Every structure is written in C-alpha cells, then in structure tokens.
Amino acid sequence: MTMRLDYLSIFPAYFDVLDISLLGKAAVNGLVEVHAHDLRDWTHDRHRTVDDTPCGGGAGMVMKPDPWGEAFDEIIGTEPDSSVHVIFPSPSGAPFTQSAAQELSSAVRIVFCCGRYEGIDHRVIDYARSMWTVHEVSLGDYVLNGGEVAALAITEAVVRLVPGFMGNPESLAEESFSAGQDGLLEYPLFTRPVSWRGLDVPEVLMSGHHGRIAKWRRDESVRLTCERRPDLTDSDFGVPH
Ligand code: ADE
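Residues numbered from 1 in each chain as written. Predicted model: local features only at pLDDT ≥ 70, side-chain atom pairs only at ≥ 80, totals over all residues. Heavy atoms only, no water.

Per an unreviewed UniProt entry, the protein chain is named tRNA (guanine-N(1)-)-methyltransferase, and its organism is Cutibacterium acnes subsp. acnes. The UniProt entry for the protein chain carries the following text under Subunit (unreviewed entry): "Homodimer." (UniProt positions renumbered as here; feature names shortened; annotations may be inferred.)

Okay, here's the thing in structure tokens:
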C-alpha cells in the first residue's frame, strides 16, 4: 500500500527537495505520495496570521490553534483513526530513534506538523491525540528554528525502510543501530585503491580471511561504540549490551 505523507508548515517550500532526493524515485515507484501544505491557507484575516502572544506572558509567539484545526479537518478528516500517525517535531519530544523509524515505516498515513516560533498551542497536540496516533519527537538536544528540517530528517529515516525502497535491502541490515550490528556503531569502511595518499587499507581486509575480517570489524565496532557512544553500552563495564 502507498504511504501518504503530508506536511503542514508555513514554509511548504522546504519540502520541494523531496521531489529531487531519493524520495522522488520512491514516489515515482508508487511507494510514497507527498503533499506539502501552507498552514496560512487556513487563515481568514488579511495578514494570514498564524501566531499570537503566549497566554501567561513571556517572550516570543505561539502558533494559534484555529488554522491547525481547520487544516486537520480538511487534510485528515474529522473522524478518529488510529492508523493516521501525526508527528510534531519538537525539542521537547521523545528522542527519535531507528526503532521509531522502523515502526513508522509500515504506516500508511503520516502527517508532519511543523511548528515555528516558540511552539504550537498545546491544545492542537491534545486534540490530535484524541483523534489519531500522535508522536512528539526530538531529533536531538539542540534547537532548530522550526520543525521542517526535523520532518525531512524523519522522512528520510522512515522512507528508506519502506519495503521496496532500497535497491539492496541487505545494506539496511548491517548499518549503525540496526539489529544486525547488535546496536553497535558501524565499523569503518574502505574501498580501492589499497594505498591512497600514503594511507593504506587495513591489511586484514585484503587478507580474504573471512573469520579475521569479521573479528576486526566487530572489534572496531565495539571500540568506536565505547569511545563515542558509551550510552549505547553497559554503563558499568563499557561493554555492549
Ligand atoms: N524543532 C526545533 N528543534 C527541534 C529538534 N531538536 N528536534 C525536533 N524538532 C525540533
């Protein structure tokens, strides 16, 4: 079944890149269908206002609920449907992970709600939660100007896992964070030439000895994971789970 992706944003042009990236290919193949919408299309005033001052005071502006509600009615509908996944990218969301991407890759309908300013009136999220399957997700511990770039990153992580998207599904099995790697970071990769600018490919990789190659790769994965991502390892001993 085709996966339908909708983007609600005051900068829908962000999503033009989906036509030229790998997604263009998937869309042509009928695997995904992309619709970007301008939230301002659901405003009714001359200035097409989408924001207002925060209740309770404070700096910045908050996105008004009204345009979101009307956009939801038109794009998703007014009936509850748990098969619709609605994503709110936010630095306050739960961390987005490979397993979240995996789960979303079987969804038939994903709607990305991209906030700007300080954020969206919280009732929009509560309303969506009462109707659909809502995910508030963060890309990491840093603040972006809006949800658009996060939505693009999430899209790429999800769509490449859609069955039929990858030319060679085996390359999905071995990369970082996948089950095939025991949750370790991926080992370093090399290709020819064997000698380049005075730097050589590790000898073991040219040995043709599959057992030694597998051990070298595993050791490198463990070493890198302990060094860079101790959070992915057993914290007491620095050993992978
Ligand atoms: N919007 C702003 N910052 C974000 C982040 N770190 N992750 C997801 N969405 C965001």
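**Observations concerning the layout of surface pockets**
Put simply, the largest pocket is a space of about 480 Å³. Pro 89, Ser 90, Pro 91, Glu 118 and Gly 119 are the residues nearest the centre of the largest pocket, which is lined by 25 residues in total. Secondary structure elements with two or more residues in the lining of the largest pocket: strand S5 (84-95), helix H5 (122-131) and strand S7 (133-138). The element best represented in the lining of the largest pocket is S5, accounting for 5 residues. Along its surface, the second largest pocket is lined by Phe 96, Thr 97, Gln 98, Ala 101, Ala 157, Arg 160, Glu 175, Ser 176, Phe 177, Gly 183, Arg 229 and Leu 232. When its residues are assigned to classes, the lining of the second largest pocket shows 5 nonpolar, 4 polar and 3 charged. (1 Å grid on protein atoms, 1.4 Å probe; cavity = no way out; pocket = protein on both sides within 12 Å on 5 of 7 lines; lining within 4 Å. Points joined across faces, edges and corners; volume = space filled by probe spheres on them. Helix = DSSP H or I, 4+ residues; strand = E, 2+ residues; numbered from the N terminus. Nonpolar A, V, L, I, M, F, W, Y, C, P; charged D, E, K, R; others polar.)

**Examining the packing of aromatic side chains**
All chains considered together, the criterion is met by 7 aromatic pairs. Residues Tyr 7 and Phe 112 carry aromatic rings whose centres are separated by 4.9 Å and whose planes lie at 5° to one another, so their mutual orientation is stacked. Of this pair, Tyr 7 sits in strand S1 (residues 3-9) while Phe 112 sits in strand S6 (residues 109-113); the two residues are 105 residues apart in sequence, bridging distant segments of the chain. Assessed through its relative accessible area of 0%, Tyr 7 is described here as buried. (Phe/Tyr/Trp six-rings, centres within 6.5 Å; stacked < 30°, edge-to-face > 60°. Buried < 20%, exposed > 50% of the residue type's maximum accessible area, 1.4 Å probe, protein only.)

**What about the pairing of S1?**
Of all the 7 residues making up S1, 6 are buried; the element is thus mostly covered by neighbouring parts of the structure. Here S1 pairs with strand S2 (residues 32-38) via 7 bridges, running parallel. Paired with Arg 4 across the strands is Glu 33, a residue of S2. Summarising the sheet, S1 and S6 pair through 5 bridges and their orientation is parallel. (Pairing = 2+ DSSP bridges.)

**Here's the deal with the UniProt feature "binding site: S-adenosyl-L-methionine" (unreviewed entry) in the protein chain**
Taken from the UniProt record, the annotation "binding site: S-adenosyl-L-methionine" (unreviewed entry) applies to Gly 115, Leu 139, Gly 140, Asp 141, Tyr 142, Val 143 and Leu 144. In the annotated set above, the residues contributing to the lining of the largest pocket are Gly 115, Leu 139, Gly 140, Tyr 142, Val 143 and Leu 144. When you line up the elements, Asp 141 lands in the loop between S7 and helix H6 (148-159). Looking at Asp 141, the relative accessible area reads 83%, which means it is exposed. With respect to the element layout, Tyr 142 can be found in the loop between S7 and H6. Classification of Tyr 142 as partly exposed rests on a relative accessible area of 45%. Separated by 3.5 Å, the side chain of Tyr 142 and the backbone oxygen of Leu 139 make a polar contact. (Polar contact = N/O pair within 3.5 Å; in protein donor to acceptor, adjacent residues only side chain to side chain.)

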